[in-house]
Amino acid sequence: MPRIDPNEVREIAQLSRLRLSEPEVARLTGELDAILGYIDELKQVDTEGVEPMTHAVPFDCPLRADEVGPMLTPDEALAGAPRREGTLFVVPRIVPGPGGDM
Amino acid sequence: MSAPDVINTTLTEQAHGVREGRFSARDLVDAYLARIERIDGRLGAYLRVDAAGARQQADAVDADKRAGKALGPLAGVPLGYKDIYVTRGLETTCASRILQGWIPQYESTATTRLTQAGAIRLGKLNMDEFAMGSSNENSAFKPVRNPWDLERVPGGSSGGSAAAVAASLCAGSLGTDTGGSIRQPASLCGIVGMKPTYGRVSRHGVVAFASSLDHPGPFGKSVEDVAALMEVMAGHDPNDATSIDAPVGKYREASRAGLSGLRIGLPAEYFAAGMDPEVETAVRAAIDELGRAGAKVVPVSLPNTRHAISVYYLVCTAEASSNLARYDGVRYGHRAAEVANLDDLYGLTRGEGFGAEPKRRIILGTYVLRAGYYEAYYGKALRVRRKIADDFARAFSQCDVLATPTSPITAFKLGEKSADPLQMYLADIYTVAPALAGVPALSQGCGFSKAGLPIGLQLIGPPLGEEAVFRVAGAYERATQWHTRRPSAVESLS
């Protein structure tokens with residue numbers, strides 16, 4: 001039985017905001033099924049009482065004083081914007097409304 | 001030696017040459033730029049060369065020398081940087097169309113430190129897109145070829161960084177290693193590459209692939225070169241919350257200190273079936289050499305090694321799916337042209353901008369983090385990760401440094417593994433576990449196959465154990481001199 005089917009791939013593509021073509025969905029379904037098949041072997045590993053490890057070296061999240069330091073100017077921050085207006089990034093309208101300005 | 005002759009030597013020798021006035025920094029940079037012009041068309045190592053910037057930096061070093069000012073430890077040394085390092089004013093793409101045209105407004109800590117030490121930036125080096133790959137065939141722009149055989153891959157994801165050093169297109173370079181992406185290309189290209197302890201080198205300004213696994217690190221022709229780059233790059237950085245606050249070691253001194261008294265552990269699991277017999281022969285001969293040089297060789301076991309690939313492809317894809325969410329067409333990089341709404345903006349921008357491997361990993365990573373699957377996949381992987389780290393801790397109670405092959409195979413041909421993602425993933429079998437555990441690991445040349453392809457020896461140390469690794473690596477290099485051999489495939493191009 002396949003571990004992942006094309007519908008699930010389409011769902012995940014929507015969750016991760018990736019517009020995929022149908023040939024891509026088909027190819028990814030096969031590839032991911034094979035990879036998940038390989039990864040299945042982890043089920044046999046006894047992890048009773050083992051703490052999850054997210055960090056290679058133990059560390060306390062370091063804090064600093066809440067003081068303003070050097071930072072990008074608005075112009076620097078907006079320098080790479082595909083569309084900008086003044087100090088604003090321009091994106092398609094999110095809430096539908098009259099005009100539909102983009 | 002004149003500048004054109006010296007580009008085939010180590011960066012250490014080149015730094016001496018500039019300091020002693022044997023040649024100017026400008027002559028050295030011009031020699032490299034000329035060689036890149038002659039050869040790189042066939043190799044594809046560079047994504048962009050900043051000739052004007054490099055000449056300007058070199059002229060500044062020469063002016064300082066004439067004025068009698070103190071020169072930094074790397075003054076005049078021409079380096080290349082993997083295109084994952086954010087470089088202010090110089091396009092940075094991670095070899096992806098989604099960042100094509102992005103001119104950063106800030107600079108990574110690692111490259112800032114190298115510049116402060118006087119190093120010259122020649123340009124940005126090719127890589128697998130977003131550091132995802134083991135052959136540099138996943139670059140959105142062009143593949144990189146192995147200087148030892150142009151029909152073969154240099155390894156990945158830091159393929160450009162490794163090929164450029166091996167072909168003398170820079171004196172040293174920077175790469176990143178998340179599952180092996182410095183060590184494996186170092187092995188396939190016959191040079192030295194190091195993945196430091198996690199947190200030893202700042203990740204500030206290194207575009208994130210998997211934040212708990214990304215390790216910025218250096219490539220060089222010799223162990224001493226890599227040690228020199230490490231001394232400059234390493235150290236605490238307040239801009240990276242995961243950077244370690246511990247003094248930087250004297251790595252060059254360690255590389256000269258010899259290895260007598262050190263115990264070398266051989267993990268049984270790294271000499272399993274399926275290895276290329278020529279690789280096994282060369283690595284076992286290297287270990288014999290280490291014994292002759294004064295090390296004590298002991299057998300050890302890392303029983304959870306066989307789970308490392310599964311754990312890696314669960315953890316790194318989960319983290320990548322989160323890190324790559326920022327590429328949304330809003331603030332930088334590519335934005336799709338025909339967008340009717342926000343869903344189009346995100347979906348089309350990312351669908352057009354990402355290549356096949358990033359898409360594959362984003363989908364897999366999103367899948368394993370889904371509610372309902374999280375504990376079975378990601379949670380499980382994090383627990384097995386701890387078991388892998390504990391294996392290393394236990395082994396280091398019995399030895400000082402582990403020795404293994406870096407890659408089970410030598411360089412394969414372009415196209416040979418690119419059709420089957422799982423086959424490509426298995427190329428990382430010896431490199432992923434040290435990355436998961438965050439322990440330092442270095443690859444150096446230990447011989448060549450009958451076909452003339454480089455074979456790599458991997459040396460692994462305990463956390464912050466870089467000095468022990470450098471002691472062994474330096475001693476081995478002095479005893480064998482593999483690093484002085486030059487790739488003939490590239491000589492015929494120049």
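Residues numbered from 1 in each chain as written. Chains lettered and ligands numbered in written order. Predicted model: local features only at pLDDT ≥ 70, side-chain atom pairs only at ≥ 80, totals over all residues. Heavy atoms only, no water.

K.L.:
Which parts of the structure should I look at to understand the overall build of chain B?
P.N.:
Within chain B one finds 18 helices and eleven strands. Taking 494 residues into account, the globule formula puts the C-alpha radius of gyration at 23 Å, and chain B, at 21 Å, falls close to it. Taking the principal axes of the C-alpha coordinates as reference, chain B spans close to 65 × 55 × 45 Å. Expressed as a percentage of its 494 residues, the buried residues of chain B come to 68%. Taking the contacts inside chain B whose residues are at least 6 apart along the sequence as the reference set, 76% of them involve residues at least 24 apart. (Helix = DSSP H or I, 4+ residues; strand = E, 2+ residues; numbered from the N terminus. Rg over C-alpha atoms; globule rule 2.2 N^0.38 Å. Buried < 20%, exposed > 50% of the residue type's maximum accessible area, 1.4 Å probe, protein only. Contact = heavy atoms within 4.5 Å.)

K.L.:
Quick question: what am I supposed to make of the interface of chain B and chain A here?
P.N.:
Quoted interface sizes are often the accessible area lost when the parts come together. In this complex, chain B contributes 60 residues to the contact, which on the side of chain A involves 54 residues. Contact between chain B and chain A buries roughly 5,200 Å² in total, counting both sides, with carbon and sulfur atoms accounting for 66%. When the buried surface of chain B facing chain A is broken down by residue, B:Gln105, B:Ile363 and B:Arg383 rank first, second and third, together holding 12% of it. Inspection of the chain B/chain A interface yields six salt bridges. When the shortest N-O distance is used, the salt bridge between A:Glu8 and B:Arg370 registers 3.3 Å. Our count for the contact surface shared by chain B and chain A stands at 24 residue pairs in polar contact (both at pLDDT 80 or more). Residue contributions to the side of chain B that touches chain A peak at ten residues, all from helix α14 (residues 375–395) of chain B. Classifying every residue of the side of chain B that touches chain A by side-chain character gives 32 nonpolar, 14 polar and 14 charged. (Buried area = accessible area lost by both parts, 1.4 Å probe. Salt bridge = Lys/Arg side-chain N within 4 Å of Asp/Glu carboxyl O. Polar contact = N/O pair within 3.5 Å; in protein donor to acceptor, adjacent residues only side chain to side chain. Nonpolar A, V, L, I, M, F, W, Y, C, P; charged D, E, K, R; others polar.)

K.L.:
Sorry, what's going on with the sheet that holds strand β5 (residues 192–195) of chain B here?
P.N.:
Paired through their backbone hydrogen bonds, the strands of a sheet run either parallel or antiparallel. All names here are of chain B. Strand order in the open sheet formed by eleven strands is β1-β3-β2-β4-β6-β5-β10-β11-β9-β7-β8, and the pairing between neighbours is mixed. Only two strands of the sheet have a single neighbouring strand rather than two, namely β1 (46–49) and β8 (296–300). Shown here is a sheet whose adjacent strand axes are inclined to one another by a mean of 30°, direction ignored. Pairing analysis gives six bridges linking strand β4 (residues 172–177) to strand β6 (residues 215–220), with the strands arranged antiparallel. Across the sheet, Leu174 pairs through a bridge with Pro218, a residue of β6. Sitting on the sheet, helix α8 (residues 223–233) touches β2 (78–82), β4, β5, β6 and β10 (441–448), and the angle it makes with β6 is about 145°. (Pairing = 2+ DSSP bridges. Axes fitted to C-alpha atoms, helices over the stretch in contact; angles between N-to-C directions.)

K.L.:
Sorry, what's going on with the packing of aromatic side chains here?
P.N.:
Two aromatic rings, taken as a pair, are described by how far apart their centres are and by the angle between their planes. Residue and element names in this part refer to chain B. Counted under the stated rule, the structure contains 17 aromatic pairs over all chains. The interplanar angle of 65° and the centroid separation of 6.1 Å between the aromatic rings of Tyr327 and Tyr332 together place this pair among those described as edge-to-face. Each ring, one from Tyr374 and one from Tyr378, has its centre 5.3 Å from the other, and the planes form 70°; the classification is edge-to-face. Here Tyr374 falls in the partly exposed class, since its relative accessible area comes to 39%. For Tyr378, a relative accessible area of 10% gives the class buried. Its end group placed over the ring of Phe412, Lys417 keeps NZ or CZ at 5.3 Å from the ring centre. (Phe/Tyr/Trp six-rings, centres within 6.5 Å; stacked < 30°, edge-to-face > 60°. Lys NZ or Arg CZ within 6 Å of the ring centre and 35° of its normal.)

K.L.:
Please clarify how the nonpolar core should be interpreted in this entry.
P.N.:
Generally speaking, nonpolar side chains in soluble globular proteins are found buried as a group. Residue and element names in this part refer to chain B. Counting residues in each nonpolar core, the largest one holds 174 residues, and the members touching the most others are Leu114, Phe130, Phe392 and Phe470. Sorting elements by how many residues they give to this core places helix α11 (residues 308–323) first, with ten residues. Contacts of Leu114, omitting those with residues within four sequence positions, involve Leu74, Leu79, Tyr81, Ala119, Leu174, Leu229, Val232 and Met233. Counting residues in hydrophobic clusters, the runner-up holds five residues, among them Val153, Leu188, Ala411 and Met424. (Core = buried A, V, L, I, M, F, W, Y, C linked by side-chain atoms within 4.5 Å.)

K.L.:
Hey, could you run me through helix α17 (residues 466–480) of chain B in this one?
P.N.:
In an α-helix, one turn spans 3.6 residues; hence positions three or four apart end up facing the same way. Residue and element names in this part refer to chain B. Between its terminal C-alpha atoms α17 stretches 21 Å, which fits the 21 Å expected from 15 residues at 1.5 Å a residue. Those residues of α17 lying buried are Glu466, Ala468, Val469, Phe470, Val472, Ala473, Gly474, Ala475, Tyr476 and Glu477. Just beyond α17, the residue with positive phi is Gln481, at close to 65°. (Expected span 1.5 Å × (residues − 1).)

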